[in-house]
Each structure stands twice: as structure tokens, then as C-alpha cells.
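Below, each chain spelled out in residue letters.
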Amino acid sequence: MPLTTINITEGMTEEAIDHLQRTIHSCFVKAWGIPINGGFYIINERPRSRMCINRTMWNINRSDKPPLLLQITSSPRSKELKLELFRALAEELEKQGIRKEDLFISICPTHREDWSFGNGVAQLLQEEENSSH
């Protein structure tokens, strides 16, 4: 299950934030097959002045609206899965009025042994051990 930090600018309503988080989660379910009850989200609201991304880097013409920044920490995923997630997020968030050009996503890969979801146990390693028997 990924750990996703959703960085938004201050001023969104609680309803809009909830809808944004649910949309992002549904993209993980579709693109990566995570369980419906999986995924962990941290939502950071920041002043506009603290969300600085060059508007024309990589020949992308971002609007003057604040960007949406997603920082995803995840166990290893294939290039194809990552690209599918990028596409799904851009398409679904565009339906909410977030321009594809204003969506910034970074995936930080980790190893399976880097995760404990509670109880002081590395559950992803237990999954590996159970599947090898």
C-alpha cells in the first residue's frame, strides 16, 4: 500500500479535499490493484507562496493556479504500473478541474522490508514468506 502525501494550497473545502483523496485512492485501486481498504494519505495544506514549481520547466505550460503535488512512497512497482498511475491520475483529476499540466507526481520507491503497518512487524515480508510455501 502506498503512502501518499497530497500537497494542496490552503482554501479548499473539506468536501473538495475528501473528493480529491477518494479520487486519488480510486486511481491506485484501478492502476495498481491495491485493496479498496488500502492506502495511506497525508494531506498538507500550504500557503500558495510555499508551493513553488517553475511554470515552464520541461516545456509544460502550467497555469498560474497552484499546482497539486503528490509524493508517493511505495514498495517497488514496474515502469508500466507507474506510467498507468500517472495517466489515471491526470485523467481523473482533470475531471475535478485540475489541469494535467498542474499535476506534479513523484514516486519514491522503497524495499518491502522498509514497511511496518503496525504491531512492529514487516507485513510485506510475511506476504513473501507465505507465498513461497
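Look a little higher up for the structure.
Residues numbered from 1 in each chain as written. Predicted model: local features only at pLDDT ≥ 70, side-chain atom pairs only at ≥ 80, totals over all residues. Heavy atoms only, no water.

**Concerning the pattern of salt bridges**
So, step 1. What the rule picks out here adds up to six salt bridges.
So, step 2. In this structure, R87 engages E84 in a salt bridge whose closest nitrogen and oxygen atoms are separated by 2.3 Å. Residue R87 and its partner E84 are both found in helix α2 (residues 79–94); the two are separated by three residues, about one turn of the helix.
So, step 3. Using a relative accessible area of 36% as the deciding quantity, one classes R87 as partly exposed.
So, step 4. The residue K100 makes a salt bridge to E94 at a minimum N-O spacing of 3.9 Å.
So, step 5. Exposure remark for K100: the relative accessible area of 40% places this residue in the partly exposed category.
So, step 6. Overlapping salt bridges bring together E84, R87 and E91 as one network. (Salt bridge = Lys/Arg side-chain N within 4 Å of Asp/Glu carboxyl O. Helix = DSSP H or I, 4+ residues; strand = E, 2+ residues; numbered from the N terminus. Buried < 20%, exposed > 50% of the residue type's maximum accessible area, 1.4 Å probe, protein only.)

**Comments concerning unusual backbone geometry**
So, step 1. The phi dihedral of N59 is positive, around 60°, even though this residue is not glycine.
So, step 2. Looking at the element boundaries, N59 is found in the loop between β2 (40–46) and β3 (68–74).
So, step 3. Using a relative accessible area of 74% as the deciding quantity, one classes N59 as exposed.
So, step 4. Even without being a glycine, N119 presents a positive backbone phi close to 65°.
So, step 5. Relative to the elements of secondary structure, N119 occurs in the loop between β4 (103–109) and α3 (123–132).

**What about α2?**
So, step 1. Between its first and last C-alpha, α2 extends 23 Å over 16 residues, near the 22 Å set by a 1.5 Å rise per residue.
So, step 2. Those residues of α2 lying buried are L85, A88, L89, A90 and L93.
So, step 3. Buried-residue contacts for α2 involve α1 (14–32), β3 and β4. (Expected span 1.5 Å × (residues − 1). Contact = heavy atoms within 4.5 Å.)

**Thoughts on α1**
So, step 1. With 19 residues, α1 should cover 27 Å at 1.5 Å per step; its first-to-last C-alpha distance of 27 Å lies within 8% of that length.
So, step 2. Residues of α1 that are buried include every one of I17, L20, T23, I24, H25, C27, F28, A31 and W32, and no others.
So, step 3. For α1, the elements touching its buried residues are β1 (3–9), β2, β3, α2 and β4.
So, step 4. Positive backbone phi, at 70°, marks G33, one or two positions downstream of α1.

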